[in-house]
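For reference, the chains in residue letters:
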Amino acid sequence: MSLRWKMTVSFALLAAVVLGLLGTYLHVNAGRHTTEQLRQKLLAEARLTAMTLPEPPWESGRKMQRLVKELNDAAGARVTLIAGDGTVVADSRHESDDMENHGTRPERLEAAREGWGSAIRYSETLGVDMLYVAVSAPVGVRSDATHESAVIRLAMPLTAVGVAAARLRVAVGTAFVVALIVVWVLADKLAMSLAEPVQRLVRVARRVGDGDLSARAEVAGGGELAMLAEVFNNTLERLAGLLAASEKESRYYAAILEQMTDAVVVVDEGRRVQFVNRTFGSMFGVDVKQVAGRLPEEVSLNYELSNLLARAVGQKTAQRDQIRLLHPGPRVLLALAAPLFGEDKAVMGAVGLLHDMTDLQKTEQVRRDFVSNASHELRTPAAGIKALAGAQGRGNEGP
């Protein structure tokens, strides 16, 4: 996956998480807010209803039943009158005689204790979740303690809350999808703007990796990416300069080695041949372009030279020896092998220098033969002269 898509997907996922958390928060709090608004509405209507009702005790009958139905129509909520002993006196949605005692209902107990109370639960009578709000009935001087605990209860189904919650879910879901699409588009554009300079740097780096040191990164705009491109270009400039200097130096030393009358061979730490000059090729009868990577004994067909280079690499000291060749012709070589060290003082190979001593040895042999022959040829006349000199001396000693 490209950097652009990684950034786009990351931004989109982050936005989805944030929007999801926000939607959940809005859904939960909107439900609570709607329920609380409905509770306050029922509480206000319950208090108004309590002010319109006569003081307890209430008497069950058609008159009271008709009254609570009128209050139901006015408030838009179910109205229930509960006596102090929990008996349902009247109910706007159900016959009070068929209803069970409500003395243990939590909203009634709380209203009797605190003045008002509320509860949410499933209504067995109506078969839906209901919000109940109860207030204690106002009492006069003639009311006793039992009647003081009588309450007026209003109830409303929570279907409206469910509908509002459903509408909110649809709205939040639609907003989530739209926002996610917008975030995706914006994230893609942002990722493109951030990834494009990086991709240009990658393309330039690939050209450099292929050997094109003239490639340069485009420095556009500002910020860290522009600074990175500038540093990258400066590094390429220095690298190109160092490489040019290195190539010039390499050509310089290669020219020196090529013009040497002595044979030169360079091997790595594994004793694989890395370089030989033309003198080496002429001396051993090999093509200098086809020796790289081969072992010295494979190139020179001479174990003494290979052993000398191996000792220089293994012992890390210069080695000197005399080598005799039989191929392509008999020769005597003076060989010197020295180890090559890297910057970390580790041996990275060895260089061998071979000087042809054949002609010098022949000249030395001629000299020795000349001296021997001259000594032999001069020995006889010298003896005769010596004898003649001796005879002459004896003649001069006559009488």
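Residues numbered from 1 in each chain as written. Predicted model: local features only at pLDDT ≥ 70, side-chain atom pairs only at ≥ 80, totals over all residues. Heavy atoms only, no water.

Peer 1: How do you make sense of the overall build of the protein chain when you look at a structure like this?
Peer 2: On a plain count of helices and strands, the protein chain comes out with ten helices and ten strands. Counting only residues that meet the buried cut, the protein chain has 32% of its 399 residues in that class. Considering only intrachain contacts with a sequence separation of at least 6, the fraction spanning at least 24 residues in the protein chain is 50%. Of the roughly 24,700 Å² of accessible surface on the protein chain, 59% is carried by carbon and sulfur atoms. (Helix = DSSP H or I, 4+ residues; strand = E, 2+ residues; numbered from the N terminus. Buried < 20%, exposed > 50% of the residue type's maximum accessible area, 1.4 Å probe, protein only. Contact = heavy atoms within 4.5 Å. Areas by Shrake-Rupley, 256 points an atom, 1.4 Å probe, with all protein chains shown as cover.)

Peer 1: I'm lost on the packing of aromatic side chains in this one. Help?
Peer 2: Pairs of aromatic rings are described using the distance from one ring centre to the other and the angle between the two planes. Across all of its chains, the model carries two aromatic pairs by this definition. Summarising the aromatic geometry, the rings of Tyr-252 and Tyr-253 are spaced 5.4 Å apart at their centres and angled 70° between planes, so their arrangement reads as edge-to-face. Looking at Arg-121, its charged tip hangs above the ring of Tyr-132, at a distance of 4.2 Å from the centre. (Phe/Tyr/Trp six-rings, centres within 6.5 Å; stacked < 30°, edge-to-face > 60°. Lys NZ or Arg CZ within 6 Å of the ring centre and 35° of its normal.)

Peer 1: Help me out: how do you make sense of the sheet that holds strand β6 (residues 263-268) in this one?
Peer 2: Two strands in a sheet stick together by hydrogen bonds in their backbones, pointing the same way (parallel) or opposite ways (antiparallel). The strand order across the open sheet formed by five strands is β7-β6-β10-β9-β8, and the pairing between neighbours is antiparallel. Lying at the two open borders of the sheet, with one neighbouring strand each, are β7 (273-276) and β8 (319-325). The average undirected angle you get between the axes of adjacent strands in this sheet is 25°. With nine bridges connecting them, strand β9 (residues 331-341) and strand β10 (residues 347-356) associate as antiparallel partners. Bridge pairing links Phe-341 to Val-347 in β10. (Pairing = 2+ DSSP bridges. Axes fitted to C-alpha atoms, helices over the stretch in contact; angles between N-to-C directions.)

Peer 1: What's the story with the pattern of salt bridges in this structure? I'm lost.
Peer 2: Oppositely charged side chains may form a pair once their charged atoms are brought near each other. Under the criterion given, the structure shown has ten salt bridges. Linking Arg-113 and Glu-114 is a salt bridge whose minimum nitrogen-to-oxygen distance equals 3.6 Å. One exposure class covers both Arg-113 and Glu-114, and it is exposed. Among the salt bridges present, the one from Glu-297 reaches Arg-271, with a minimum N-O distance of 3.5 Å. One end of the pair, Glu-297, is in helix α8 (residues 296-300); the other, Arg-271, is in the loop between β6 and β7, with 26 residues separating them in the sequence. Residue Glu-297 is classed as partly exposed on the basis of its relative accessible area of 25%. Linked through salt bridges whose partners overlap, the residues forming this network are Glu-107, Arg-121 and Arg-153. (Salt bridge = Lys/Arg side-chain N within 4 Å of Asp/Glu carboxyl O.)

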